[in-house]
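Descriptive analysis of the structure
Residues per chain, in single letters:
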Amino acid sequence: MHRRLIPNNHNLFIMRNFLGGVIVFISAAIMLSGCARYYTERGDAQFERFGYAKAARLYEKAYSKKPTPELALKLANSYRNMNDYANADKYFAAGMKDDGAKLDPMNHLSYGKILMNMGKYGDAKSQFTSYLNDKPGDYAAQLLLNSCGDLAQFTKDTMRYSLQDAGIGGFNNAYSPVIYKDGLVFVGETSARGGKVNPGTMNSYQDIYFVKKEKDGRFGTAEKLKGAINDKYHQGSATFNREGNIAYFTTSNTNGLKASEKYEKVINSMIGRDSLAGAEWMASGSFPYNSPDYSNQHPSLTEDGKTLFFASDMPGGLGGYDLYVTRYESGRWTKPENLGAPINTAMDERFPVAAKGGKLYFASNGHKNLGGLDVFLTRNSGGKWNNPMNLNYPLNTKADDFGFVLAEDGKTGYVSSNRNGPDRIYNVVINPPVMNAKGRVTSNGAPLQNATIILTNNSASSVDSIFTDADGMYTYKLTLESDYQLMARKTDFLNKSAAFSTKNAETNADILNDFELAAIEKVIEKPIVLDAKDVLYDYNKYKLRKEGKAELDKVVALLKDNPTLKIELGSHTDSRGTDKYNQKLSEKRAKTCSDYLIKSGIDKSRVTSVGYGESQLVNECKDGVKCSDARHQENRRTTIKLSK
């Protein structure tokens, strides 16, 4: 079994245990010991049982006797599942020559992923393109192809994170750190020291460990968690309640299997539940939605212990592993809900980590990424999940990066990565982002020099100002965790403003606001104020429509930016109905607009409203002329113009 218990390019924890050691060969097999077919058949048997390390050894022997493209691809996929990128690259290259690629178009996709892991993005693009020629509707492959062409976006903020190996020694692989009490809980794999051997890696099976963090910041010697939480098969990532006495963790679903069947059947993963009794963890039930037919893994509790996120390949998902959520209500966990798009994709989303403020970190190879698994961040706002954000280099690399967790201070944390070979746990320091307000001020497209940019920091109750240069450009360094109001102004031009916030910033960023200022003398007589359009109405109605309110909101912004301006609201009707009735209707329309502005904070002395009835039609649709409703609609309007 391969690192992190993820066969087939990290499809986590589906595993099949089987008897290792001495294989009893029948006499006919002994006669074939010197031929490629003999080693190939036994390699196939090991591969089917996820024994990739043993399969690779057997395929190597077969390949040395008969180097065919088919055998090369078998070797390539064995090494791919072991995360041995160099050997996977070597044998994919050999296997894809001549007619080897025709054996299975999926090899293009698999080889492309390996090439991304090797940093060979140009070659990866060629493989993804070839695959998409056969499978043009594969959206996940298209994302990978796009990733290879957008590398600059991943390295635009290289100072955001600082990483250093955490120095947790004694392990061939260590991953999925969880901050627990005065140290870390994590998943570890060591060299096999007697007992059962994981045939995927020829190392030990994986267990859950604890390591104490000393006062000097270094970690001590790790020890297995005691009790039932570690059995003789694989254990995976864990999560704990606030008190630290309840653990949910990934484990092998051997329930209901006879001892002999544990070596002959595919064993999926499940979520276990243990309670701390003294110094040992005791089994205290399991997750109610486990199944022998699919895997549940990587549980993560929210701080209050009432919401649990996890990964699963249960039926009905979007593809691969998806993230799910369940809530503890009335003494039980609710039916899991798929988080859906935009979080889940047709590929794999795993290793969720719930954080404060509705944040959720997770790993994915299905969104745009640098290669393998990348760490993403999403946030739940108003019951909806935001588009996931790739946390970019150097937190993410061309290798697998996953299991990111923040410390209580929000400025430090840990992440798992195999960027330097084996899975290791890295210390992460989160450097504060640098944010700037930038933009250009123009009038009729020409730059305005010495326009004043006034920046009001509402959070700090402070005001500052700068001037535009000869090109109309401005730049201002912003304060984090602040709400800003920015205004561009220049004598004889209408002011314009914008609002923005630097709160919850995750990366270095420039907040861009360009301003086109209108010269007052050129707009004073125009019937329409800048970007505002006519406010339109339904037939025989004076109630504001949604789009009408949006136009009036523009007028509100204009008047607030320019406190000396006054406007006239002129309302009109179409020609249907009597002159007297239409006059009254237009006055009601004008008053409705005026009331809306006043309720929005505009002093009533600055607003004049006039009803013109049907006296100022804009087209030929007068009394006695037959017109479509669309033509009549042009006349049912309120115009907006500056009166001073």
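Residues numbered from 1 in each chain as written. Predicted model: local features only at pLDDT ≥ 70, side-chain atom pairs only at ≥ 80, totals over all residues. Heavy atoms only, no water.

**A few points about the pairing of strand β14 (residues 322-329)**
We apply this condition: Note on pairing: two strands pair once DSSP finds at least 2 bridges between them. Numbering goes from the N terminus for both helices and strands, where a helix is a DSSP run of H or I of at least four residues and a strand is a run of E of at least two.
In the sheet, strand β13 (residues 307-312) pairs with β14 via six bridges, with the strands oriented antiparallel. Opposite L308, over in β14, you have T326 as the bridge partner. Pairing between β14 and strand β16 (residues 337-338): two bridges, direction antiparallel. Across the sheet, residue Y324 finds its bridge partner in β16, namely N338.

**A few points about the environment of T573**
The condition that has to hold: Partly exposed describes any residue whose relative accessible area lies between the buried limit of under 20% and the exposed limit of over 50%, with all areas from a 1.4 Å probe on protein chains only and scaled to the type maximum. A contact between two residues is defined here by any heavy atoms of the two lying within 4.5 Å.
Its place among the elements puts T573 in the loop between β35 (567-571) and α12 (579-599). Taking relative accessible area as the criterion, T573 reaches 2% and is therefore assigned buried. Along the chain, T573 and S586 lie 13 residues apart, while their C-alpha atoms are 6.0 Å from each other. Residue contacts for T573: discarding those within four places in its chain leaves N582, L585, S586, R589, G613, E614, L617, N635 and R636.

**Observations regarding the sheet that holds strand β34 (residues 535-536)**
Strand order across the open sheet formed by four strands is β34-β37-β35-β36, with mixed pairing between neighbours. Each of the sheet's edge strands pairs with one partner strand only, and the pair in question is β34 and β36 (607-611).

**What to know about the pattern of salt bridges**
Side chains that differ in charge, positive against negative, can pair when their charged atoms come close. Formally: One speaks of a salt bridge when a side-chain nitrogen belonging to Lys or Arg is within 4 Å of a carboxyl oxygen belonging to Asp or Glu.
In the structure shown here, the tally under the stated rule is 22 salt bridges. Note that D574 and R576 form a salt bridge whose closest N and O atoms lie 3.0 Å from each other. Judged by relative accessible area, which is 2%, D574 ranks as buried. Residue classification places R576 among the partly exposed residues on the basis of a relative accessible area of 30%. Among the salt bridges present, the one from R636 reaches D629, with a minimum N-O distance of 3.5 Å.

**Quick look at the nonpolar core**
Nonpolar side chains in soluble globular proteins tend to be buried together. Note the following rule: The nonpolar core is taken to be a set of buried Ala, Val, Leu, Ile, Met, Phe, Trp, Tyr and Cys residues, with the residues joined through side-chain atoms within 4.5 Å.
Core analysis: the largest hydrophobic core is formed by 38 residues, its most contacted members being Y91, F92, M116 and F128. Only α3 (36-48), α4 (52-65), α5 (69-81), α6 (85-95), α7 (106-117), α8 (121-134) and α9 (139-149) provide two or more residues apiece to this core. Setting aside residues no more than four positions away along its own chain, Y91 makes contact with E60, Y63, A72, L73, L75, A76 and Y79.

**A look at the state of the cysteines**
Stated precisely, the cut-off is as follows: Any two cysteine sulfur atoms lying within 2.5 Å of each other are counted as a disulfide.
Taken as a whole, this structure holds one disulfide when the rule is applied. Shown here is the disulfide that connects C621 with C627, its sulfur atoms set 2.1 Å apart. With the S-S dihedral at roughly -105°, the linkage between C621 and C627 falls on the left-handed side. No difference in accessibility class separates C621 from C627, as the two residues are buried.

**Points about the side chain of N253**
Quick note on the threshold: Under the rule applied, a polar contact is a pair of N or O atoms within 3.5 Å (in protein, one hydrogen donor and one hydrogen acceptor; residues adjacent in sequence only if both atoms are side-chain atoms).
Here N253 lies in the loop between β8 (246-252) and β9 (266-267). A polar contact is formed between the side chain of N253 and the backbone oxygen of S291, at a distance of 3.2 Å. Once residues within four sequence positions are removed from consideration, N253 is found in contact with I267, N268, S269, M270, N290, S291 and P292.

**Let's talk about the packing of aromatic side chains**
Quick note on the threshold: Stacked, tilted and edge-to-face are the three classes applied to pairs of Phe, Tyr and Trp rings, where Trp contributes its six-membered ring and a pair requires centres within 6.5 Å; stacked means planes under 30 degrees apart, edge-to-face means over 60, and tilted covers the rest.
Taken as a whole and assessed by the stated rule, the structure comprises 25 aromatic pairs. Taken together, a centroid distance of 6.0 Å and an interplanar angle of 85° make the contact between Y248 and W333 edge-to-face. Placement of the pair is Y248 in strand β8 and W333 in strand β15 (residues 332-333), with a sequence separation of 85 residues. Take Y248: its relative accessible area is 7%, and that puts it in the buried class. Under the relative-accessibility criterion, W333 is labelled buried at 7%. Measuring from centroid to centroid gives 5.2 Å for F287 and F310, while their planes differ by 70°, and the two rings are edge-to-face. Of this pair, F287 sits in the loop between β11 (280-286) and β12 (296-301) while F310 sits in strand β13, and the two are 23 residues apart along the sequence. Looking at F287, the relative accessible area reads 2%, which means it is buried. We classify F310 as buried; its relative accessible area is 0%.

Keep in mind these values describe shape, not function.
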